[in-house]
Structure formats: C-alpha cells, structure tokens
Amino acid sequence: MTVWANIEIPPNDQEIIRIDEFEKSLGTLSREVRQVRQLISGFEVCHFKCQQHILNIKASIQQLKPCTDPNQIGAGHLRNGKNAWKKDKSGRSRSGWQYVKALAEWLGDRAENDNSPEIDKATVPWVRKWLGERDPEKERLIRLLIARLTWDWESYEALQREGEYGDLEFQVCRMDVCHYAFPAHLERLLQGIGTMEPVEEFEGCGSFNTEIKTYVTKEFSTLNDQIQSLKENNRSDKKEKIRRWLFACLAKTLKEQVGLTSAVYGLD
C-alpha cells in the first residue's frame, strides 16, 4: 500500500510529484515522522471522528511524533475479530456485530457461540421486514455485505458479480461501521436490497456531507497558510521543512477527498 492509497489521483499529478520530490530532498526521516505520515495515509473524511483525526494529525505534525499510535487506530473494529468490540468505546462495533448476526439469522446460518455480542432481538424482526423473502441474489448481496462489514476480503472478492445489480452491489461495497452515517445508511441499504433497488442519495465510504466539506475546506485554507508561512520564515531548518512537507501531505489528502480545486501552496 502506498502513502497515497487513501486518495484517487490521476497519473502525473503535479502536486503529488512536487510533494514527493520535496520529501526526497529531506533525506533520512525518523521512525516517528514516518508514523505521522502513516496517520495521514490512514485518514478518511467519511470517518465519524473525521474532525478529531484532523486535529490529532496537526498536533502530531507540530510535535513531529504521533500523538496517537497509528497501529492502534481501529483496534475495536469488526475486522480485528469477534472480541475486539470490547475495545470500542463508541458502541459501533457492538452494533455492527448485532447487525451481522441478524443478517446471518436471515440467511438461516447457525449462530455461533463466540465472543461477539449477543444478537439484538429487537433488530432481527426489522431485518426480516426490510429484506423480505430470500432469493439467490439477495442472499449473495447479504453475504457480500457481511464480508464487507467484517473485512473478510477473500469472501468479499469471491461474492462480487456486478451485472444487473451492479449499482446496488457498489453500495454494499461502501458499507462500514466507522462511517459517519452508520447505522442509518446500513438500514436504508437493507431496505434497498429488500426491493433490489439502489438507495437514492447514497452515503457510504468516501462520501461527505455539507458540514464535513465546509469544515475540511476551512482546514485546507489554514494548512495552506501554515505551509506558506513555514516556507517564508524557515527555509533552511530541517524540522520546519519536515513540518511543511507533512502539512502539504495532509492538505493534498483533504483536497482530493472532498474534491477541492484550489492549489496546495508553498511547495516550490
């Protein structure tokens, strides 16, 4: 996975080229600085803690060391096993497992006696109502959804078909418990699968609303100001150059994730 894996960029993007060239000019970087860069690579604007993550990254850049362990981010996510939900203070992983179990029950799969939360009996009848009668395509999409929520990538790849229900499948593939709209968007998707029609005004991984874009746009402008100030005042100080590079990485990431058109300044 590359450091730019969390954004979609066209070939020969000049800002990426300039940022990467600037990085090369910095020479050897410490492990802690690399960890800060890792925090930026893991940033997603659709995460329910988006604003807090930006603040954490900016604080880490100022300190030139991560203020949070990048390897512990998402430790309570479903992807880390059926016991990981106990580490999640938000309650999202617990809720996610309850939906997964309710979906498995709809499929007729036998519930496992494991460390995941007990099935939410109130959720089961709603899931049955939303999904309706079982058929092969519905079952495939629900198994795909379970694979996506639990990050079972082997099953996830095997279950994708595209074709007639490609739009609905695309929406299934954009589900996650860490999304800002969870669980409302998941419930709407289940209703969509029930009618085999894609959800209108869909919110999934990679999406953002007006509030998020407004916040990110302001942060992008602030970062540009910081980059320009560092360029003007500290041309030869290596630590300040590293900060300038990291701020540019964050600014470029924010720009691409919400589709801003302004340039990242201070890279010359």
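Before reading on, note that the structure itself is shown above.
Throughout what follows, the structure given in this document is the object of discussion. Note that this is a predicted model, so its numbers are computed, not measured.

Rules used in this analysis
Residues numbered from 1 in each chain as written. Predicted model: local features only at pLDDT ≥ 70, side-chain atom pairs only at ≥ 80, totals over all residues. Heavy atoms only, no water. Helix = DSSP H or I, 4+ residues; strand = E, 2+ residues; numbered from the N terminus. Buried < 20%, exposed > 50% of the residue type's maximum accessible area, 1.4 Å probe, protein only. Lys, Arg positive; Asp, Glu negative; His and termini not counted. Salt bridge = Lys/Arg side-chain N within 4 Å of Asp/Glu carboxyl O. Contact = heavy atoms within 4.5 Å. Axes fitted to C-alpha atoms, helices over the stretch in contact; angles between N-to-C directions. Parallel < 35°, antiparallel > 145°, perpendicular 65-115°, else oblique. Left-handed = near helix turned anticlockwise from the far one by under 90°. Nonpolar A, V, L, I, M, F, W, Y, C, P; charged D, E, K, R; others polar.

Our focus in this paragraph is the side chain of arginine 37. Inspection of the secondary structure assignment puts arginine 37 in helix α2 (residues 31-41). Here arginine 37 sits buried without a salt bridge, and the closest side chain of opposite charge, glutamate 23, lies 5.8 Å off (N-O distance). For arginine 37, the residues in contact, after removing those within four places along its chain, are Val3, Trp4, Trp245, Leu246 and Cys249.

This part is about the environment of isoleucine 142. Take isoleucine 142: it is sitting in helix α6 (residues 136-150). Isoleucine 142 gets classed as buried once you look at its relative accessible area, which sits at 0%. Along the primary structure isoleucine 142 and valine 172 are separated by 30 residues, whereas in three dimensions their C-alpha atoms are 8.4 Å apart. Aside from chain neighbours lying at most four places away, what touches isoleucine 142 is Leu103, Trp106, Leu107, Leu131, Leu190 and Ile193.

Okay, α2 next. Restricting attention to buried positions, one finds in α2 the residues Val33, Gln35, Val36, Arg37, Leu39, Ile40 and Ser41. In this structure, the buried residues of α2 make contact with α3 (50-63) and α11 (238-258).

For the rest of this paragraph, the subject is the packing of α6 against helix α9 (residues 184-195). Closest axis-to-axis distance for the α6/α9 pair is 10 Å, and the angle between their directions is 160°. Overall, the two elements α6 and α9 adopt an arrangement that is roughly antiparallel. Where α6 crosses over α9, the handedness of that crossing is right-handed. On α9, the residues that touch Lys138, Leu141, Ile142 and Leu145 of α6 are Leu186, Leu189, Leu190, Ile193 and Gly194. Within the contact of α6 with α9, the residues separate by chemical class into 7 nonpolar, 1 polar and 1 charged.

All we've got here are geometric facts, nothing functional implied.
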